[in-house]
Amino acid sequence: MAAVDSLREAKQKLEQYCAYQERCHDEVISKMFALKLNQEERDTVITHLIAHHFLNEERFACSFARGKHRIKKWGKVRIVLELKQRHISRYNIDTALQQIDPDEYEATFHQVATQAWQHSTEKNTLKKRKKWCDYLLRKGWENQKVYEKLTELLRETDSDTN
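So, a few notes on the structure that sits alongside this text. (Residues numbered from 1 in each chain as written. Predicted model: local features only at pLDDT ≥ 70, side-chain atom pairs only at ≥ 80, totals over all residues. Heavy atoms only, no water.)

1. Brief notes about the pattern of salt bridges
This model, assessed by the stated rule, comprises 9 salt bridges. In this structure, Glu82 and Arg86 form a salt bridge, with 3.1 Å as the shortest nitrogen-oxygen distance. Salt-bridge contacts for Asp94 lead to Arg90; the nearest nitrogen and oxygen are separated by 2.9 Å. Of this pair, Asp94 and Arg90 both sit in helix α6 (residues 90-98), 4 residues apart, which is roughly one turn of the helix. Accessibility expressed as a relative area gives 42% for Arg90, which makes it partly exposed. (Salt bridge = Lys/Arg side-chain N within 4 Å of Asp/Glu carboxyl O. Helix = DSSP H or I, 4+ residues; strand = E, 2+ residues; numbered from the N terminus. Buried < 20%, exposed > 50% of the residue type's maximum accessible area, 1.4 Å probe, protein only.)

Below you can see the structure in the form of structure tokens.
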């Protein structure tokens, strides 16, 4: 991307960038490097974006957590890791996790876990268990939750075969 001609033009581009979807500070800073802004210009633009409510880390974190949980069916572990990678503060991460309704969280976990178990075509039970657990752990669901659900599903499977 070519450098911008003026600070005003940079502000406009970054306002549009932030208005399109919620952004974290890291994404905006990367965009400013692409626009070849110097440190003083970056500081000025960041201050402008925050002052005019284009950039808000707490709002970003909350939107990110809600969206990744509802759309991608991620668990809290993955959401926390992804937010930490974006250098979001612990306070904002905690605030974001509170946006996820506990009942919805449980229902989503149950749905994802059951669906993954039922759609597995693996015949070897040990391999099926490992693939299923790996899948849910990759999605960011808590270890304890995954292993309790596995025990429940195995009990159901055993009762179905008897």
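On we go from here.
2. Notes on helix α7 (residues 102-119)
Its 18 residues give α7 an end-to-end C-alpha distance of 26 Å, which sits within 8% of 26 Å, the value for a rise of 1.5 Å per residue. Among the residues making up α7, those that are buried are Tyr105, Thr108, Phe109, Val112, Ala113, Thr114 and Trp117. (Expected span 1.5 Å × (residues − 1).)

3. Side note on unusual backbone geometry
The phi dihedral of Lys36 is positive, around 60°, even though this residue is not glycine. Following the sequence through the fold, Lys36 ends up in the loop between α2 (25-34) and α3 (39-51). The phi angle at Lys73 is positive, at roughly 60°, despite the residue not being glycine. Locating Lys73 in the fold gives a position in the loop between α4 (57-70) and α5 (76-85). Classification of Lys73 as partly exposed rests on a relative accessible area of 26%.

4. Structural notes on the packing of aromatic side chains
Any aromatic ring pair is given by two values, namely how distant the centres are and how the planes are angled relative to each other. On inspection of all chains with the given rule, the structure shows 5 aromatic pairs. Seen in terms of ring centroids, Phe64 and Trp74 are 6.3 Å apart; in terms of plane orientation they differ by 65°. Their pairing is edge-to-face. Of the two residues, Phe64 sits in helix α4 while Trp74 sits in the loop between α4 and α5, which places them 10 residues apart along the sequence. Residue Phe64 is classed as buried on the basis of its relative accessible area, which comes to 10%. Accessibility expressed as a relative area gives 7% for Trp74, which makes it buried. Between the aromatic rings of Phe109 and Trp141, the centroid separation amounts to 5.2 Å while the plane-to-plane angle is 55°, which identifies the pairing as tilted. Here Phe109, found in helix α7, pairs with Trp141, found in the loop between α8 (125-138) and α9 (143-161); they are 32 residues apart in sequence, far enough to count as distant. Overall, Phe109 belongs to the buried group, its relative accessible area being 5%. Pairwise contacts between aromatic rings join Phe60, Phe64 and Trp74 into one cluster. Sitting above the plane of the Tyr17 ring, Arg23 keeps its charged end 3.7 Å from the centroid. (Phe/Tyr/Trp six-rings, centres within 6.5 Å; stacked < 30°, edge-to-face > 60°. Lys NZ or Arg CZ within 6 Å of the ring centre and 35° of its normal.)

All we've got here are geometric facts, nothing functional implied.
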